[in-house]
Amino acid sequence: MHSPRSLLVLAAIFIVAGTMHFVAPMSYAAIMPSWIPYQIELVYATGVLEMTGGAGLLVRPVRRWAAIGLILLLIAVFPANVQMLVDGLSSAVSPVRKALLWLRLPLQPLLIVWVFRSALSRPS
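Residue positions are counted from 1 within each chain, in the order its sequence is given. pLDDT decides what is reported in this predicted model: residues at 70 or higher carry local features, side-chain atom pairs at 80 or more are listed and counted, and totals for whole chains, interfaces and linings draw on all residues regardless. The basis for every side-chain value is the complete set of non-hydrogen atoms in the structure, without hydrogens or water.

Focus on helix H5 (residues 78–89)
Here H5 spans 17 Å end to end across twelve residues, near enough to the 16 Å set by a 1.5 Å rise per residue. Accessible area is worked out with a 1.4 Å probe on protein chains only. A residue is then buried under 20% of its type maximum, exposed over 50%, and partly exposed in between. Each helix is a run of DSSP H or I of at least 4 residues and each strand a run of E of at least 2, with the numbering of both proceeding from the N terminus. Turning to H5, its buried residues number three or more, namely Ala80, Asn81, Met84, Leu85 and Gly88. Buried residues of H5, viewed axially, fall in a sector of 140°; they line one side. Against the buried residues of H5 lie helix H6 (95–104) and helix H7 (107–120). Here, expected helix span is obtained from the residue count minus one, scaled by 1.5 Å. Taking the helix axis as origin, the arc is that swept by the directions to the C-beta atoms. Contacts are assigned to residue pairs with any non-hydrogen atoms lying within 4.5 Å of each other.

Below, the structure written as structure tokens:
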């Protein structure tokens, strides 16, 4: 079980990440697999979902649903992280950048665990 501070940090991460979808939407669209339609619309939609989910973590009556939604969202956007790695490996990026792309892949499962432990494994 995590502290309220951990829940606050987690909420802030999602709110800031969601906001970035509106600040730099093309950078998010660029990492999406080409087979996904309506990319820019999905960038905005996932941004809204991240911000809403992050804020929802702070509201006790909806915390459980916000956490479930964020976990599903993290699973849904994982192909973009894989695509970013594939693109990085097939281009002339530095070895450091390639290493960072590899290290990014476990971030999604770690965030899922953090959301679960912070919001779902605690009494509402």
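Next comes the rest of the account.
A short note on helix H4 (residues 63–76)
Along its 14 residues, H4 runs 20 Å from first to last C-alpha, staying within 8% of the 20 Å computed at 1.5 Å per residue. Tucked into the core, H4 has its buried residues touching helix H1 (4–23), helix H3 (39–56), H5 and H7.

A closer look at the side chain of Thr46
With respect to the element layout, Thr46 can be found in helix H3. Polar contact criterion, stated in full: a pair of N or O atoms within 3.5 Å, where within protein one must be able to donate a hydrogen and the other to accept it, and residues adjacent in sequence count only if both atoms are side-chain atoms. Side-chain polar atoms of Thr46 contact the backbone oxygen of Val43, separated by 3.0 Å. Excluding residues within four positions of it along the chain, Thr46 makes contact with His21, Leu73 and Val77.

A closer look at the layout of surface pockets
Within this scheme a cavity is a closed region of a 1 Å grid, computed over the protein atoms alone, that accommodates a 1.4 Å probe without allowing it to escape, whereas a pocket is open but has protein on both sides within 12 Å along at least five of seven lines; lining residues each have an atom within 4 Å of a point. Grid points are joined across faces, edges and corners, and a volume is the space filled by probe spheres set on the points. Of the volumes computed, that of the largest pocket is approximately 650 Å³. His21, Tyr28, Glu50, Val77 and Arg104 are the residues nearest the centre of the largest pocket, which is lined by 24 residues in total. Elements that contribute at least two residues to the lining of the largest pocket include exactly H1, helix H2 (25–30), H3, H4, H5 and H7. Gly falls in the polar group here, along with every residue not listed as nonpolar (Ala, Val, Leu, Ile, Met, Phe, Trp, Tyr, Cys, Pro) or charged (Asp, Glu, Lys, Arg). Here the lining of the largest pocket is composed, by residue class, of 17 nonpolar, five polar and two charged.

Topic: a nonpolar patch on the surface
Taken together, Leu8, Leu58, Val59 and Val62 make up a surface patch of nonpolar side chains, about 320 Å² in accessible area. Looking at the element boundaries, Leu8 is found in helix H1. Surface patches are defined over residues having more than 30% relative accessible area and no salt bridge, joining like charges when they lie within 9 Å and nonpolar side chains (Val, Leu, Ile, Met, Phe, Trp, Tyr) when within 5 Å. Areas reported as accessible are Shrake-Rupley estimates using a 1.4 Å probe. Residue values count occlusion only from the protein chains shown. Salt bridge, as applied in this entry: a Lys or Arg side-chain nitrogen positioned within 4 Å of an Asp or Glu carboxyl oxygen.

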